[in-house]
Amino acid sequence: MSTSVPRLVVAAPASGSGKTTVATGLMAAFASRGLAVSPHKVGPDYIDPGYHALATGRPGRNLDAYLCGPERIGPLFLHGARGADLAVVEGVMGLFDGAAGQGELASTAHVAKLLRAPVVLVVDASSQSRSVAALVHGFASWDPQVRVGGVILNKVASDRHEELLREALDESGVPVLGVLRRAEPVSTPSRHLGLVPVAERTAQAVESVRELAERVRAGCDLDALLALARSAPPLPGPAWNPADEADGAAEAVGAAGAVGAAGSRTDGAAASRPVVAVAGGPAFTFSYAEHAELLAAAGAEVAAFDPLRDEELPAGTAGLVVGGGFPEVYAPELSANEPLRAAVAALAASGAPVAAECAGLLYLARSLDGKPMCGVLDAEARMTDRLTLGYREAVAVGDNVLAAAGTRVRGHEFHRTAVEPVAGGGTGRGSGGCPPGQHSHRTAVEPAAGGGTGRGSGGCPPGQHSHRTAVEPAAGGGAGTVAGGGPAWGFTHPVRRVEGWAAGSVHASYLHVHWAGAPGVARRLVSNCSGRPAV
């Protein structure tokens, strides 16, 4: 089985060359012609796909060979591009930049090869003329399996500058498919983690995308770009199907059962579809489109809500997912919504499954930058100046609502915050011999030479670890907090440490996991909703 989808990968020699400008502008320009455009982004980034969705009217989807596995890139692409006339894939960093120390894995070039897609190279030409030919030649010839089908020159100063660049590139054999002049940047404001998400600036974002489309229409040969996209060969294999993934995960989850509030197990499914509430709105914009699809395929009714505005959880909520975003920007507003904070704490106390990633972890803490949050975890969160960023390999330390003990996943961290226990512990970077108020856990993560968690030495027995988990209860717990438990994940690469929180029905961690790469997560969460009274 094979499927023909016209497609382009928009890449660059380095970050900052203009990939997002060109890719988003192309998507909007082709969509304005009446084409159904499928938008995709290489890598784990959540923010660019929001602009892509605004440009095309279709969900922006990520293609990350590290998080999901190379074998899923083609199927996930075909799933997202179903019914599309054209697919545009925005790359990440430089064309050949991938997961650190792992060769081409997860690079734009790797994804282009997996998709058998032609590449359009966006080059910042602002400080060069004839040298552009050597640059383009190097990128076009570095890997014979990567087909650089054209160049778009960005930040060109004048007609004479354009003439010099075109003359140089005539000798390279790579056609110039567009020229964008140096101009005032389109208003796409940034802050500590990149562009401000679309959900926070909808009206302005619409205008920004319109301006990008106009610039691309004026400077690029859309007919030639479409012809290049149509030159891509049929892509073999079936499209990814969330129902198939959920069915494939069901047998393992069914055998293990669901984890109850105190670690007990329950079997069987509820007669009706349990409601899984998923946080959204401006404060919680980081989510992959496939997550809701996998939850629905696993038997859930997915209900979105906005913690900034909604004072109640969706009716009948039996499980909760709070993903990433920018709660630190909206801490006063989130704190002011006391009824919802109380509802979230009550849901967690009832034993309903609660899954929180990064921003969700902050929201479950007692406070964020001094503002009261949900108090599910007896910890305090704050902004810092330190950026934590990168891919991670991890293993589930124990059975929890998302994974069985020993389950291996790949994820991504991206934050400038810290979460610290209210009393009696550190921040997930400690070492030592299991002081009072901390926990020793048997885990598949082996300590680094010298003992401990790869961050020092200590006196825990062999095969166990001393740790100060990123979120840890104070002695005796607290009102509305979940007591007991231990770390959610043991990181095995690039450093060995434990991280996060898994206590009863609550799973909270900084680690972003793409559930398409670990489809058992959705099935297990929904299974843990079964048989529980709705809140």
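Given the structure is predicted, the values throughout are model-derived calculations rather than measurements.

(A) Looking closely at helix α6 (residues 131-141). Taken as a whole, α6 has its buried residues at Val132, Ala133, Val136 and Phe139. Within α6, the buried residues cover an arc of 135° as seen down the axis, which keeps them to one side. Every exposed residue of α6 that faces more than 90 degrees away from the buried side is listed here: Ser131 and Ala134.

(B) Representation of the packing of aromatic side chains. For the structure on display, the rule yields seven aromatic pairs. Plain terms: the ring middles of Tyr46 and Tyr288 are 4.5 Å apart, the flat faces sit at 25° to each other, and that makes the pair stacked. With a gap of 242 residues between them, Tyr46 in the loop between β3 (37-42) and α2 (48-56) and Tyr288 in the loop between β14 (275-279) and α11 (289-297) connect regions that are remote in the sequence. Taking relative accessible area as the criterion, Tyr46 reaches 12% and is therefore assigned buried. With a centroid separation of 5.5 Å and 65° between ring planes, the pair formed by Phe284 and Tyr363 is classed as edge-to-face. Pair noted here: Phe284 is in the loop between β14 and α11 and Tyr363 is in helix α14 (residues 359-364), with a separation of 79 residues, a long-range link. The exposure classification of Phe284 matches that of Tyr363, with both residues buried. Put simply, the rings of Tyr46, Phe286, Tyr288 and Phe326 pair up and form one aromatic cluster. Here the guanidinium or amino end of Arg410 rests over the ring plane of Tyr66, the centre of that ring lying 4.3 Å away.

(C) The arrangement of the pairing of strand β27 (residues 506-509) in detail. Of the two faces of β27, the one carrying Val506 and Ala508 and the one carrying His507 and Ser509 are both buried. Judged from the four bridges that link them, strand β17 (residues 354-357) and β27 form a sheet pairing that is parallel. Of the residues in β27, the one forming a bridge with Ala356 is Ala508. In this sheet, β27 lies alongside strand β26 (residues 501-503) in antiparallel orientation, the contact comprising three bridges. Paired with Ala503 across the two strands is Val506, which belongs to β27.

(D) Region of interest: the sheet that holds strand β7 (residues 148-156). Strand order across the open sheet formed by seven strands is β4-β3-β5-β2-β6-β7-β8, with parallel pairing between neighbours. One side of each edge strand has no neighbouring strand; the edge strands of this open sheet are β4 (61-63) and β8 (176-181). The mean inter-strand angle of the sheet, taken between neighbouring strand axes irrespective of direction, is 25°. Of the pairings in the sheet, the one linking strand β2 (residues 7-11) to strand β6 (residues 119-124) comprises three bridges and is parallel in character. Pairing of Val9 across the sheet is with Val119, part of β6. Packed on one face of the sheet, helix α4 (residues 73-80) meets β2, β3, β4 and β5 (86-90) and runs near 160° to β4. This element, helix α9 (residues 222-230), spans β2, β5, β6, β7 and β8 of the sheet and lies at about 110° to β2.

(E) Here's a closer look at the pattern of salt bridges. On inspection of all chains with the given rule, the structure shows 23 salt bridges. Where Arg392 meets Glu413, a salt bridge forms, and the shortest distance between an N and an O atom there is 2.7 Å. One end of the pair, Arg392, is in strand β20 (residues 379-396); the other, Glu413, is in strand β21 (residues 408-421), and 21 residues separate them in sequence. By the burial criterion, Arg392 is buried, and Glu413 matches it. A salt bridge links Glu413 to Arg497; the shortest N-O distance between them is 2.7 Å. Residue Glu413 is found in strand β21, and its partner Arg497 is found in strand β25 (residues 497-499); the two are separated by 84 residues along the sequence. An identical accessibility class is assigned to Glu413 and Arg497; each is buried. Here the salt bridges share partners, and the residues they tie into one network are Asp159, Glu162, Arg166 and Arg181.

(F) View of helix α7 (residues 159-170). Taking 1.5 Å of rise per residue, twelve residues should cover 16 Å, and α7 covers 16 Å from first to last C-alpha, within 8% of that figure. His161, Glu162, Leu165, Ala168 and Leu169 are the residues of α7 that are buried. On an axial view of α7, the arc spanned by its buried residues comes to 130°, and they lie on one face. In α7, the exposed positions angled more than 90 degrees off the buried face are occupied by Asp159 and Asp170. Against the buried residues of α7 lie α6, β7 and β8.

(G) Spotlight on the pairing of strand β16 (residues 317-322). The element β16 is extensively covered by neighbouring structure, given that six of its six residues are classed as buried. Relative to β16, β14 runs parallel, the two sharing four bridges. Considered in β16, the bridge of Val276 is made with Gly319. For β16 and β17, the ladder comprises three bridges, and the chain directions are parallel. When the sheet's bridge partners are listed, Leu320 is paired in β17 with Val354.

Thresholds, definitions, all that
Residues numbered from 1 in each chain as written. Predicted model: local features only at pLDDT ≥ 70, side-chain atom pairs only at ≥ 80, totals over all residues. Heavy atoms only, no water. Buried < 20%, exposed > 50% of the residue type's maximum accessible area, 1.4 Å probe, protein only. Helix = DSSP H or I, 4+ residues; strand = E, 2+ residues; numbered from the N terminus. Arc of directions from axis to C-beta. Phe/Tyr/Trp six-rings, centres within 6.5 Å; stacked < 30°, edge-to-face > 60°. Lys NZ or Arg CZ within 6 Å of the ring centre and 35° of its normal. Pairing = 2+ DSSP bridges. Axes fitted to C-alpha atoms, helices over the stretch in contact; angles between N-to-C directions. Contact = heavy atoms within 4.5 Å. Salt bridge = Lys/Arg side-chain N within 4 Å of Asp/Glu carboxyl O. Expected span 1.5 Å × (residues − 1).

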